[in-house]
Amino acid sequence: MSFKSIFRTLTGQNKGLHQHTTGLKNLKNDFPAEHPGRDCIDDLICEILEGDVEIMKIPATDRFDVPPTGARQIWENQYANQKVEPLQYYYPEGLFTGKKEKPLVEILRFAKANNYKVKAAGSGHSFSDVATTYDLFINTHGLCKVSSDTTIQSRNMKPGDDPVIIAGAIEGAIQQSWLVPNVTLANKAVSWDGYEPLKNKTLVEMQCGIRLHYLNEVLEAWDLGLSNMGGYDGQTIVGATMTSTHGTGITLPPFPDSVRSLVLCTTSPWTGKATVHGGGGSQGKNGEVYLYRLESASNPVCQADRYNDPQIGLIQDDEVFHAAICNMGTFGIIYSFTIEVMQKYYLRETREMTNLESVLHRLKPVDPTPENPMGYPKLLTEYRHVELIVHPYPLDENGKVVEMTEPDPTKYYKYFKVILEKWNIAKPDAVNNPKDGHRNYLSGFLGKFRLSFDVTTTIFYNCPSLIPMLITKAMTSLEDCDHVAVAPEIFVNGMSQYSGFGNEIAYPLEDGKGLYSNQWFEASINRIHKLAQSNRLNGQTYQSSPFSVRFVKKSNALLSMQHGIDTAMIELDLAYGDYGGMELLYRLQSQEYSHGGIPHWGLEFDQMTGSNDLISRLYPKTLSRWKAVYDIFNADGRFNNSFTDRVGFSMVDFRR
């Protein structure tokens with residue numbers, strides 16, 4: 001230990017660093033004796049103790065507490081790359097009434113009277129500016145109840161000392177007498193005749209701002225479960241739906257397609273061809289605010305001739321509904337969703353360590369049959385959920401990076417490690433305990449070496465050459481031959497909001513004849529690996545995470561990345577603090593447009609613009625249809641923001 005380090009210890013400047021340096025020493029001891037990484041970690045420990053390197057701080061801003069409201073309040077997304085300082089910050093808890101805060105209708109009346117823009121946000125999980133505004137900002141976390149005859153208080157995530165009520169009466173809820181025949185709407189625990197989750201389904205109505213964590217809590221208490229979800233449960237249902245969030249499974253579409261009915265609050269009246277039912281005979285008008293319940297005409301929830309809500313008009317139209325279920329918050333403020341759920345179920349998860357050569361062979365097309373007309377490979381049809389976690393670097397048996405000198409990337413497939421995740425529905429009596437550690441690869445890595453996210457990112461930034469081997473060690477900890485648990489425990493991968501950032505791009509799973517094709521996502525995997533190689537050699541820039549490949553059924557939502565075609569979604573995540581991380585993601589996204597890649601609305605960094613008609617080329621068959629509905633519900637531009645300006649939805653009224 002140097003004199004400088006001793007002095008800092010004696011003066012208390014190194015107070016609190018012991019746990020960090022102990023974790024680093026444990027990590028060092030896990031490397032082979034002659035591995036150069038040991039010296040790198042020793043150097044890093046010395047630099048931390050001497051004050052030459054500081055532990056990096058991750059600016060995560062996930063807020064479970066009720067935020068301050070009113071004027072001069074700041075909102076940031078989780079990554080803190082989006083920040084707004086609006087005129088007013090609201091936390092409404094109701095549609096027409098509110099205990100502490102103005103209700104939604106009153107906020108919109110105020111906005112219209114003063115010609116202000118309005119925007120609502122969920123948990124800030126999106127990295128783009130999709131949820132920002134410079135006038136009136138609405139935090140939807142106060143709208144967090146499932147419609148119920150009984151009150152349920154959350155057992156977790158209580159803000160301050162006040163309990164969170166996650167089920168109870170909500171305004172504007174669907175009445176049982178309105179339902180079409182053979183449609184059921186649960187508002188309490190359901191008794192099923194046997195365990196048949198694929199058959200036993202019902203609808204549940206909820207306010208827009210309920211987090212998936214809370215929603216899963218209510219559903220489990222009612223013997224219900226979401227049919228699918230992504231790997232993070234801190235999102236709100238509105239945030240997940242409006243940007244077409246998804247899970248994985250070739251028979252499972254994204255979140256918008258589970259929606260059967262929604263209530264929209266807007267400041268422009270419906271002037272389209274579809275008829276408005278109910279709403280007090282004034283088309284849902286409440287002062288200068290208009291409220292509409294939107295449903296599909298071909299798959300309705302309510303019977304139009306029985307619907308008689310005096311304040312919310314009913315519009316049943318396929319085009320309107322399929323535009324609204326993925327509108328990025330540009331049609332107005334969504335107040336509630338009614339979604340289809342299924343009987344609570346359990347999943348059997350197997351995580352298999354393999355290599356890219358093996359797994360891509362298993363994902364090749366097969367000959368079409370009447371039972372499998374698209375020619376999907378057995379891997380995608382015999383499991384309900386399939387996901388690939390792919391190492392960005394080829395490594396030999398000694399953990400050394402293999403240089404890709406040959407132009408044909410297939411020659412290196414055997415050197416790329418892959419975790420193949422396979423899930424199927426299991427019986428409740430099969431539940432067992434997982435291996436020690438977390439379900440997520442990076443969380444498992446942190447738990448093994450007792451490191452914080454802050455220390456891990458410090459390693460990634462200061463010892464980047466260690467990243468390929470660290471990824472391998474983290475992936476190895478994931479292998480799990482047989483783990484059975486209730487579905488949300490399998491879906492949620494253990495990664496918190498403090499982990500990092502990334503982008504996601506959609507690729508078609510069809511060829512020109514409408515048959516399954518692996519060519520699009522395999523070519524993208526090759527490009528990601530070449531990009532990783534180039535960045536490492538030419539800029540000492542490393543990808544700190546494996547990337548994932550997931551499979552999603554086509555969507556009816558007009559502006560969903562999965563609209564009209566089954567897709568492979570490739571997500572590249574990076575730990576916060578990666579040197580050149582943003583630049584790496586920009587290189588990836590910008591090169592993928594010419595290869596059929598469509599970016600996720602929320603998982604991109606304001607790089608997707610409307611210039612050169614990009615959005616209309618990404619959505620050539622649906623943008624004009626979606627825009628026609630947008631132009632009605634947002635006729636006064638009340639819900640425009642920097643996002644709508646950037647992608648070209650906003651119409652600028654220039655006059656001279």
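Up top is the structure these notes are about.
Residues numbered from 1 in each chain as written. Predicted model: local features only at pLDDT ≥ 70, side-chain atom pairs only at ≥ 80, totals over all residues. Heavy atoms only, no water.

Enquirer: Even after reading the chapter, I still don't get the overall build of the protein, so can you show me in this structure?
Expert: When helices and strands are tallied, the protein shows 18 helices and 24 strands. Against the 2.2 N^0.38 benchmark of 26 Å for 656 residues, the protein shows a C-alpha radius of gyration of 25 Å, consistent with a compact globule. Taken along the three principal axes of its C-alpha coordinates, the protein extends 80 × 70 × 65 Å. The buried share among the 656 residues of the protein stands at 59%. The contacts of the protein with a sequence gap of at least 6 include a subset with a gap of at least 24, amounting to 73%. Accessible area of the protein: about 26900 Å², with a carbon and sulfur share of 49%. (Helix = DSSP H or I, 4+ residues; strand = E, 2+ residues; numbered from the N terminus. Rg over C-alpha atoms; globule rule 2.2 N^0.38 Å. Buried < 20%, exposed > 50% of the residue type's maximum accessible area, 1.4 Å probe, protein only. Contact = heavy atoms within 4.5 Å. Areas by Shrake-Rupley, 256 points an atom, 1.4 Å probe, with all protein chains shown as cover.)

Enquirer: Can you walk me through the packing of helix α2 (residues 18-29) against helix α3 (residues 37-49) in this structure?
Expert: Any two packed helices are characterised by the angle at which their axes cross and by the distance between the axes. At a minimum axis separation of 9 Å, α2 and α3 run at an interaxial angle of 170 degrees. By the angle between their axes, α2 is roughly antiparallel relative to α3. Of the residues in α3, those in contact with T21, L24, K25, L27, K28 and N29 of α2 are R38, I41, D42, L44, I45, I48 and L49. Among the residues making up the contact of α2 with α3, the classes are represented as seven nonpolar, two polar and four charged. (Axes fitted to C-alpha atoms, helices over the stretch in contact; angles between N-to-C directions. Parallel < 35°, antiparallel > 145°, perpendicular 65-115°, else oblique. Nonpolar A, V, L, I, M, F, W, Y, C, P; charged D, E, K, R; others polar.)

Enquirer: Just checking my understanding: could you explain the packing of helix α14 (residues 519-539) against helix α15 (residues 581-592) for this structure?
Expert: In contact at an axis separation of 11 Å, α14 and α15 are set at 145 degrees when each is read in the N-to-C sense. By crossing handedness, the relation of α14 to α15 is classed as right-handed. Contacts between α14 and α15 involve S524, R527, I528, L531 and N535 from the former and L584, R587, L588, Q591 and E592 from the latter. Its residues placed into classes, the contact of α14 with α15 shows four nonpolar, three polar and three charged. (Left-handed = near helix turned anticlockwise from the far one by under 90°.)

Enquirer: Is there a simple way to explain unusual backbone geometry in this structure?
Expert: Leaving glycine aside, a negative phi is the common case for residues, and trans is the common case for peptide bonds. Non-glycine residue N115 carries a positive phi angle of around 55 degrees. Tracing the backbone shows N115 in the loop between α4 (104-114) and β4 (118-121). N115 gets classed as exposed once you look at its relative accessible area, which sits at 60%. Although it is not a glycine, M328 adopts a positive phi angle of roughly 55 degrees.

Enquirer: Would you take a moment to explain α2 for this structure?
Expert: Along an α-helix, residues three or four apart share an orientation, since each turn contains 3.6 residues. The terminal C-alpha atoms of α2, which comprises 12 residues, lie 17 Å apart, in line with the 16 Å expected from a rise of 1.5 Å per residue. Those residues of α2 not exposed but buried are H20, T21, G23, L24, L27 and K28. Across the axial projection of α2, the buried residues extend over an arc of 155 degrees, all falling on one side. Those residues of α2 that are exposed and angled more than 90 degrees off the buried face are H18, Q19 and N29. (Expected span 1.5 Å × (residues − 1). Arc of directions from axis to C-beta.)

Enquirer: What is the right way to read the packing of aromatic side chains from this model?
Expert: Aromatic ring pairs are reported here in terms of the distance separating the ring centres and the angle at which the planes meet. Under the defined criterion, the tally for this structure stands at 22 aromatic pairs. With 4.9 Å between their ring centres and 35 degrees between their planes, W75 and F137 make a pair best called tilted. Placement of the pair is W75 in strand β1 (residues 75-76) and F137 in strand β5 (residues 136-139), with a sequence separation of 62 residues. By the burial criterion, W75 is buried, and F137 matches it. An angle of 15 degrees between the planes, with centres 5.3 Å apart, marks the rings of W626 and Y630 as stacked. With W626 and Y630 both in helix α17 (residues 623-633), this residue pair falls four residues apart, about one helical turn. This pair shows no difference in class: W626 is buried, exactly as Y630 is. Here the aromatic residues W270, Y292, F331, W601, Y619, W626, Y630, F633, F643 and F649 are joined through ring pairs into a cluster of three or more. Residue placement shows K102 over the ring face of F110; its charged tip is 4.5 Å from the ring centre. (Phe/Tyr/Trp six-rings, centres within 6.5 Å; stacked < 30°, edge-to-face > 60°. Lys NZ or Arg CZ within 6 Å of the ring centre and 35° of its normal.)

Enquirer: So what exactly am I meant to see when it comes to the environment of W423 here?
Expert: Looking at where W423 falls in the secondary structure, it is placed in strand β19 (residues 417-426). On the basis of relative accessibility, which here comes to 5%, the residue W423 falls in the buried class. When residues no more than four places from it in sequence are discounted, the contact partners of W423 are L347, R348, E349, Y383, R384, H385, I490 and F491. Of the polar contacts made by the side chain of W423, one reaches the side chain of E349; its length is 3.1 Å. (Polar contact = N/O pair within 3.5 Å; in protein donor to acceptor, adjacent residues only side chain to side chain.)

Enquirer: Looking at this structure, how should I read the state of the cysteines?
Expert: Two cysteines whose sulfur atoms are joined by a covalent bond form what is called a disulfide. Considering all chains together, one arrives at one disulfide under this definition. Of all cysteine sulfurs in the structure, the one in C463 sits closest to C46, which takes part in no disulfide; the separation is 11 Å. Here C46 falls in the partly exposed class, since its relative accessible area comes to 42%. (Disulfide = S-S within 2.5 Å.)

Enquirer: Would you take a moment to explain the sheet that holds β5 for this structure?
Expert: Two pairing modes exist for strands in a sheet, parallel and antiparallel, and in both the strands are linked by backbone hydrogen bonds. An order of β3-β5-β4 is seen for the three strands of this open sheet, with the pairing classed as parallel. The outermost strands of the open sheet, each flanked by one partner alone, are β3 (88-90) and β4. The average angle at which neighbouring strand axes cross in this sheet is 20 degrees, direction not considered. Sheet topology note: the β3/β5 ladder contains three bridges and is parallel. Bridge pairing in β5 places Y89 opposite F137. (Pairing = 2+ DSSP bridges.)

Enquirer: What should I look at first to understand the pattern of salt bridges in this one?
Expert: Side-chain pairs of opposite charge can arise whenever the charged atoms involved come near each other. The tally for this structure, following the rule as stated, stands at 22 salt bridges. R155 is paired through a salt bridge with E217; the nearest N and O atoms lie 3.8 Å apart. Of this pair, R155 sits in the loop between β7 (152-153) and β8 (165-168) while E217 is found in helix α5 (residues 212-221), placing the two residues 62 residues apart along the sequence. Taking relative accessible area as the criterion, R155 reaches 56% and is therefore assigned exposed. Classification of E217 by relative accessible area gives buried; the value is 7%. Linking D631 and K627 is a salt bridge whose minimum nitrogen-to-oxygen distance equals 3.0 Å. (Salt bridge = Lys/Arg side-chain N within 4 Å of Asp/Glu carboxyl O.)

Enquirer: Hey, could you run me through the environment of G231 in this one?
Expert: Considering the arrangement of structural elements, one finds G231 in the loop between β10 (224-225) and α6 (237-242). Once the C-alpha coordinates of G231 and N493 are considered, the two residues, 262 residues apart in sequence, prove to be 5.1 Å apart. Here G231 is in contact with F491, V492 and N493, once residues within four sequence places are set aside.

Enquirer: How should the sheet that holds strand β24 (residues 598-599) be read in this particular structure?
Expert: The antiparallel open sheet is built from eight strands, whose spatial order is β20-β17-β19-β18-β22-β23-β21-β24. The open sheet terminates on both sides in strands that have one partner only, identified here as β20 (480-486) and β24. Where strand β21 (residues 500-508) and β24 come together, two bridges link them in antiparallel fashion. Counted as the bridge partner of I505 is P599 from β24. Sheet contacts for α14: β18 (385-390), β21, β22 (547-552) and β23 (567-575); angle to β22, the most-contacted strand, approximately 170 degrees. Set on the sheet, α15 makes contact with β21, β23 and β24; between it and β21 the angle comes to about 10 degrees.

The values are spatial; any link to function lies outside them.
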